[in-house]
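The lines below spell out each chain.
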Amino acid sequence: MKIPGERKGAIAHHGKPLWKRIISCWELYLLLIPGIVLTIIYKYIPMYGVQIAFRDYNPTLGFSGSPWVGLKWFTKFFTNYKSMEMIKNTLLLSLYTILWTFPIPIIFSLLMNQLRFKRFKKLAQTILYAPHFVSIMIVCGMLRIFLSPYGGLITMIASAFGADTSIGLLDQPGNFRSIYIASAIWQDAGWGMIIYMASLSSVDASLHEAAKVDGANTWKRIIHIDLPALVPMIMINLIMSFGNLMNVGFEKAFLLQTDLNTATSEIIATYVYEQGMLKSMYSFSTAVGLFNTAVNILLLIVVNKIAKKTADISFI
Amino acid sequence: MRKNKNKTGSVVRGSDRAMEIGMVIIITIFVLMVLYPLYYVVIASISDPYDVYAGKTFLFPSGFTLEGYARVFKEKAIVTGYLNSILYTVVGTIVATALVVMTAYPLSRKDMPGRKTIMIFFIITMYFTGGLIPTYLVVAKTGLLNSMWALILPGGVSVFNVIVARTYFESSIPQEMYEAAKIDGCGNLKTFVKIVLPLSKPIIAVMVIFAMVAFWNDWFTALIYMNDKDRYPLQLALRQIMIQSQASANALSGMDGGYAEANRITELIKFASMVVGAVPMLIAYPFVQKHFEKGLMVGAVKG
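Note that the coordinates shown come from a computational prediction; the quantities given were computed from them, not determined experimentally.

A.B. asks: Give a detailed account of the overall build of chain A, specifying residues and quantitative values.
C.D. replies: Secondary structure summary: chain A contains 17 helices and zero strands in total. Taken over the C-alpha trace, chain A has a radius of gyration of 26 Å; the compact-globule value for 316 residues is 20 Å, which it surpasses by more than 25%. Once the C-alpha set of chain A is aligned to its principal axes, its extents read approximately 85 × 75 × 35 Å. Taking all 316 residues of chain A together, the buried fraction comes to 51%. Summarising the internal contacts of chain A: among those between residues at least 6 apart in sequence, 63% fall at separations of at least 24. Accessible surface, chain A as shown: approximately 15,400 Å² in total, 67% of it carbon and sulfur.

A.B. asks: Describe the packing of aromatic side chains, and please don't skip the residues or the numbers.
C.D. replies: All chains considered together, the criterion is met by 33 aromatic pairs over all chains. With centroids separated by 6.1 Å and ring planes inclined at 55 degrees, the aromatic side chains of Phe-250 of chain A and Tyr-273 of chain A adopt a geometry described as tilted. Within this pair, whereas Phe-250 of chain A is found in helix α14 (residues 250–256), its partner Tyr-273 of chain A is found in helix α16 (residues 268–278), the two being separated by 23 residues in sequence. Judged by relative accessible area, which is 13%, Phe-250 of chain A ranks as buried. Owing to a relative accessible area of 6%, Tyr-273 of chain A belongs among the buried residues under this scheme. Each ring, one from Tyr-136 of chain B and one from Tyr-225 of chain B, has its centre 6.1 Å from the other, and the planes form 5 degrees; the classification is stacked. Highlighted residues: Tyr-136 of chain B in helix α7 (residues 132–141) and Tyr-225 of chain B in helix α13 (residues 220–225), separated in sequence by 89 residues.

A.B. asks: Give me the interface of chain A and chain B: which residues, what numbers.
C.D. replies: Opposite the 98 residues of chain A that make contact, chain B presents 95 residues. Of the roughly 9,300 Å² buried between chain A and chain B, counting both surfaces, carbon and sulfur atoms make up 77%. In this assembly, chain A and chain B are joined by one salt bridge. Ionic pairing is found between Arg-116 of chain A and Glu-20 of chain B, a salt bridge with its closest N-O pair at 2.6 Å. Viewed at the interface, chain B and chain A are joined by eight residue pairs in polar contact (both at pLDDT 80 or more). With 19 residues, the single largest contributor to the side of chain A that touches chain B is helix α3 (residues 26–49) of chain A. Across the side of chain A that touches chain B, the residue classes break down as 68 nonpolar, 19 polar and eleven charged.

A.B. asks: Lay out the domain arrangement of chain A with the relevant residues and their values.
C.D. replies: The extent of an interface is frequently quoted as the accessible surface area lost upon association of the parts. Residue and element names in this part refer to chain A. Along its sequence, chain A is organised into domain 1 (4–65) and domain 2 (72–311). Taking the mean C-alpha position of each, domain 1 and domain 2 sit 36 Å from one another. Listed as interface residues are seven residues of domain 1 and, on the opposing side, seven residues of domain 2. Across the interface of domain 1 and domain 2, roughly 610 Å² is buried in total on both sides, 71% from carbon and sulfur atoms. Counting every contact that joins domain 1 to domain 2 gives zero salt bridges. If you look at where domain 1 meets domain 2, you find four residue pairs in polar contact (both at pLDDT 80 or more). Split by residue class, the side of domain 1 that touches domain 2 holds five nonpolar, no polar and two charged.

A.B. asks: With reference to specific residues and values, describe the confidence of the model for chain B.
C.D. replies: All names here are of chain B. In this model, chain B carries an average pLDDT of 82, and 85% of its residues clear a pLDDT of 70 or more. When mean pLDDT is taken per element in chain B, helix α8 (residues 149–152) scores highest with 94 and helix α1 (residues 2–7) scores lowest with 42. Low pLDDT (under 50) marks residues 1–11, which in the prediction has seven contacts with non-local residues, meaning those over four places away or in another chain. Across the interfaces of the predicted complex, the ipTM metric reaches 0.84, alongside a pTM of 0.85.

A.B. asks: So what's going on with helix α13 (residues 218–243) of chain A? Which residues, and what values?
C.D. replies: All names here are of chain A. In this model, α13 (26 residues) spans 35 Å end to end at C-alpha, consistent with the 38 Å of a helix rising 1.5 Å per residue. The largest bend in α13 amounts to roughly 45 degrees and is located at Leu-227, with the proline Pro-228 lying one to four residues further along. The set of residues buried in α13 consists of Thr-218, Arg-221, Ile-222, Ile-225, Asp-226, Leu-230, Met-233, Ile-234, Asn-237, Ile-239 and Gly-243.

A.B. asks: Break down the domain arrangement of chain B for me, with residues and values.
C.D. replies: Residues and elements named next belong to chain B. The assigned domain composition of chain B is domain 1 (2–53) and domain 2 (67–302). Summed over both partners, the interface of domain 1 with domain 2 comes to about 890 Å²; 76% of that surface belongs to carbon and sulfur atoms. Here domain 1 and domain 2 share zero salt bridges between them. Taken together, domain 1 and domain 2 are joined by one residue pair in polar contact (both at pLDDT 80 or more). Where the side of domain 1 that touches domain 2 is concerned, the elements lending two or more residues are α2 (10–45) and α3 (49–53). Looking at which element gives the most residues to the side of domain 1 that touches domain 2, the answer is α2, with five residues. In terms of residue class, the side of domain 1 that touches domain 2 is made up of nine nonpolar, two polar and one charged.

Calculation notes
- Residues numbered from 1 in each chain as written.
- Chains lettered and ligands numbered in written order.
- Predicted model: local features only at pLDDT ≥ 70, side-chain atom pairs only at ≥ 80, totals over all residues.
- Heavy atoms only, no water.
- Helix = DSSP H or I, 4+ residues; strand = E, 2+ residues; numbered from the N terminus.
- Rg over C-alpha atoms; globule rule 2.2 N^0.38 Å.
- Buried < 20%, exposed > 50% of the residue type's maximum accessible area, 1.4 Å probe, protein only.
- Contact = heavy atoms within 4.5 Å.
- Areas by Shrake-Rupley, 256 points an atom, 1.4 Å probe, with all protein chains shown as cover.
- Phe/Tyr/Trp six-rings, centres within 6.5 Å; stacked < 30°, edge-to-face > 60°.
- Buried area = accessible area lost by both parts, 1.4 Å probe.
- Salt bridge = Lys/Arg side-chain N within 4 Å of Asp/Glu carboxyl O.
- Polar contact = N/O pair within 3.5 Å; in protein donor to acceptor, adjacent residues only side chain to side chain.
- Nonpolar A, V, L, I, M, F, W, Y, C, P; charged D, E, K, R; others polar.
- Domains from an automatic or database assignment.
- pLDDT = per-residue confidence, 0-100.
- Expected span 1.5 Å × (residues − 1).
- Bend = angle between axes of the 7 residues up to and from the residue.

Structure below.
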């Protein structure tokens, strides 16, 4: 019992002058220091370093000392005949991924929610979530082996259905997106259900009982009771996916890229890596990356605006 | 209620029954499709590679052999990769979790001036980043290249996890508790250690699990920041074997079948190393499944 006035509770704090309140919280600020320091060094200083996109970076001169070159690197990127292809690849891969992977968890959580066999439900959930824990590296390793022209599992199945397997399936540029998306469904569709399942479990059971009394069958109850309960979560997820349109999963595209499928597998992120890390074109790579971030932020703002107008949900 | 349901006519119940069976069938098919590739990898890893080529291992192993596993554990890259990954995961998880909790707790205290500003300071980093190269240059400048800390520190504080943890602190630790602690002469730090942490075990468990999976499965950070192959984590060792098809001379030594035999061994090692790489997480995960669901829900509430 240091200060008797404290007894009054939270209101008492606001009665005190700001500096006194700050001092009384010094331990809290102490706890924040490591996180803030790391964030400044490894997040904010690199943001400051983005200016090398407009400079010709020279390690000895540093971020702000390197000679200014204006839009040279951006011009170089946009005059490259491959740049439009890369932008197209990035957008299409992202869009198709959303279109295909988005509805499946919703459909399956609606079906799963109606099941009354608890044991079966639990087992199915455990199995469906499992691939999420397999690393992307192993998933891509599996894909490479399954798609190998020499006795690969998928190759064998596909050729039984009459597909052309004279060239490896992964080496055919036309297959890249399908492979990417199918494996995304395999790995994360189950995982995506979790959030919907949880929303469904909060639906009032008496609604279903009442609907049953009124003669509604399972199908009707799914459409009229369960689905509306999911709408807010669906909207949130949809907005988040579109807000991240340009940040399509780099890791899988990179690991599934072969010399022969770059026509569809070369996306902006893989190009940024190649130019920056492999060819050490620091400034050029930063410029391409900055373009990607800028487009993405623009998309985020647009999507956020639309969402605010139509559904009154906002993120920024 | 039960009686009521039974009275509502057999027509509805009949069609419901049919629908339920239909749903069980659809879900079963999907579950099998998810399970089969994993199962296939396991049976292929203990089968004769020639039989795998010939498509004889669709349902059961053929030409049983454990040679793949014997070779994998002789593979230096896998063994050092395993040890490295364990080290990185343990240290990384401890540091990352401590950082998240230390950051989230003050931000959950409504009586701390500047709370909103500091939150915005963190949230900005979710949308704006310096990008690959500027971050790389800063990491290099701070002397972390080729060190374990390059995998841990630049990731800094996971803002998403901070939001999840903060939401938990706000909703499950009543603000009156802080008042009571103050009256008892407990400073903020003491309150944190003695009261808040013990009450927050569930959310700390969630953070630990999130961090563990992320560190164990990470490879890209190591690819950028690690030059020394002896420091590669398991995932990069797997990359050499599975994606770049390099089995080390060590693993291939002591055999005399020439090219075809080398190929056979390489394939065998690929399957076995996938199993070895995926097993730790797949075994651990059913035990922590509940925590994962909880963590995602707490996070989703605040989006």
